[in-house]
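Residues per chain are reported as follows:
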Amino acid sequence: MILSSMSTLRRRLGLLSAHLVVAVIALVVIGGATRVMEAGLACPDWPLCFGSFLPGRQMNVQVFLEWFHRLDAFVVGVALVVMAVTTMVRRRQLPSWLPWLAAGLMILVAMQGGLGALTVTHLLPSDVVTAHLALALTLVALLSGLTQRLLHPAAVAAPLWWRISALLGLLSVFSQCLLGGRLATSWAGQRCLAGGEACHLVLSHRVTAMPVAVVLLVFAGAALLAGGWARRQWPWLAGVVLLVLTQVALGVLTLRLGLSQPAVTVAHQLVAALLIALMAALLVRSPAGRPSPSLSVVLDDTSLEACHG
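Residues numbered from 1 in each chain as written. Predicted model: local features only at pLDDT ≥ 70, side-chain atom pairs only at ≥ 80, totals over all residues. Heavy atoms only, no water.

Position of serine 286 among the secondary structure elements: in the loop between helix H10 (262-284) and helix H11 (301-308). The class for serine 286 is buried, based on a relative accessible area of 13%. Polar contacts involving the side chain of serine 286 include one to the main-chain carbonyl oxygen of valine 156, which spans 3.3 Å. Setting aside anything within four residues of it in sequence, one finds serine 286 in contact with Ala154, Val156, Ala157, Ala158 and Trp229. (Helix = DSSP H or I, 4+ residues; strand = E, 2+ residues; numbered from the N terminus. Buried < 20%, exposed > 50% of the residue type's maximum accessible area, 1.4 Å probe, protein only. Polar contact = N/O pair within 3.5 Å; in protein donor to acceptor, adjacent residues only side chain to side chain. Contact = heavy atoms within 4.5 Å.)

Here it is in structure tokens:
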């Protein structure tokens, strides 16, 4: 079976979007590692680091984390500019909504860069750092949904209950991530354990974690019980269940260890970002229709090699 030039372009944009999902999740994780390693101000200036693109004499673990975080953000920004320009130039061959979404993503990543600059120039204010995280997770959700829509075009919409439940799950996880980000950026966990300060933030994060987990597990269980198309999504649903259980275990372990293990804290943030990406993909996932004859052509070896690359 062959893809027409239109579907080939769509597939390549979908693969670019998929790579960007991974890059932005890595950005979130590296940002979390930068915070727990207290490396947020390892590079005292912005956008350069110690006045150069690649610091030499000043390079250590903390400087590397902050420098690599900026480098990853720059690569993501360039890729989104390429996507926006491509979709605008080839807009006649693509869905009408795609150029607008690509332009919106480009604006969001520019805003993200601005927030990143403010975190350095204003010495890591909690509100700005939390907003920085919120925008990064928004990019994860949008890119994940875009990848799903580009690589798996749908002919019919998913059942209404599926879309409502998935949206509720996504918003629940997003809110919980923001609460956790607020807790982390204000160092509430450490302050609570050390002197009993800001413990209300820690308690709020713990209390709301279980309802969020229940929402996600109920969604997965309801889909499996519904049968039909929803049940056939069981690999995705199993991923939701696995991530939820892992996240709960990491949350408990983080507190048991007294926030003393940066790797556990970073893993906790990684699983949260993966949940955002998975729930966003499930939200836009829907039954696939039969392929249109007009989009079917035979791929020769050269085309297959290009798509694979």
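Next comes the rest of the account.
On to the packing of aromatic side chains, then. A full pass over the atoms with the stated rule returns 6 aromatic pairs. Considering the side-chain rings of phenylalanine 64 and tryptophan 67, the 6.0 Å spacing of their centres and the 40 degrees angle between planes classify their relative orientation as tilted. With phenylalanine 64 and tryptophan 67 both in helix H2 (residues 61-89), this residue pair falls 3 residues apart, about one helical turn. For phenylalanine 64, a relative accessible area of 39% translates into the label partly exposed. (Phe/Tyr/Trp six-rings, centres within 6.5 Å; stacked < 30°, edge-to-face > 60°.)

Moving on, we get to the state of the cysteines. Evaluation of the coordinates by the stated rule reveals 2 disulfides. Two residues, cysteine 192 and cysteine 199, share a disulfide whose sulfurs are 2.0 Å apart. Here the disulfide of cysteine 192 and cysteine 199 is right-handed, its torsion about the S-S bond being about 105 degrees. The class for cysteine 192 is buried, based on a relative accessible area of 19%. When the cysteines of the protein chain that form disulfides are numbered from the N-terminus onward, they connect as 1-2, 3-4. (Disulfide = S-S within 2.5 Å.)

Attention shifts here to the packing of helix H4 (residues 126-151) against helix H5 (residues 160-185). For the pair H4 and H5, interaxial distance at closest approach is 9 Å and the crossing angle is 150 degrees. Between H4 and H5, the interaxial angle falls into the category roughly antiparallel. Handedness of the H4/H5 crossing: right-handed. The residues of H5 that touch H4, namely those facing Ser126, Asp127, Val129, Thr130, Leu133, Ala134, Leu137 and Thr138, are Phe174, Cys177, Leu178, Gly181, Arg182 and Thr185. When its residues are assigned to classes, the contact of H4 with H5 shows 7 nonpolar, 5 polar and 2 charged. (Axes fitted to C-alpha atoms, helices over the stretch in contact; angles between N-to-C directions. Parallel < 35°, antiparallel > 145°, perpendicular 65-115°, else oblique. Left-handed = near helix turned anticlockwise from the far one by under 90°. Nonpolar A, V, L, I, M, F, W, Y, C, P; charged D, E, K, R; others polar.)

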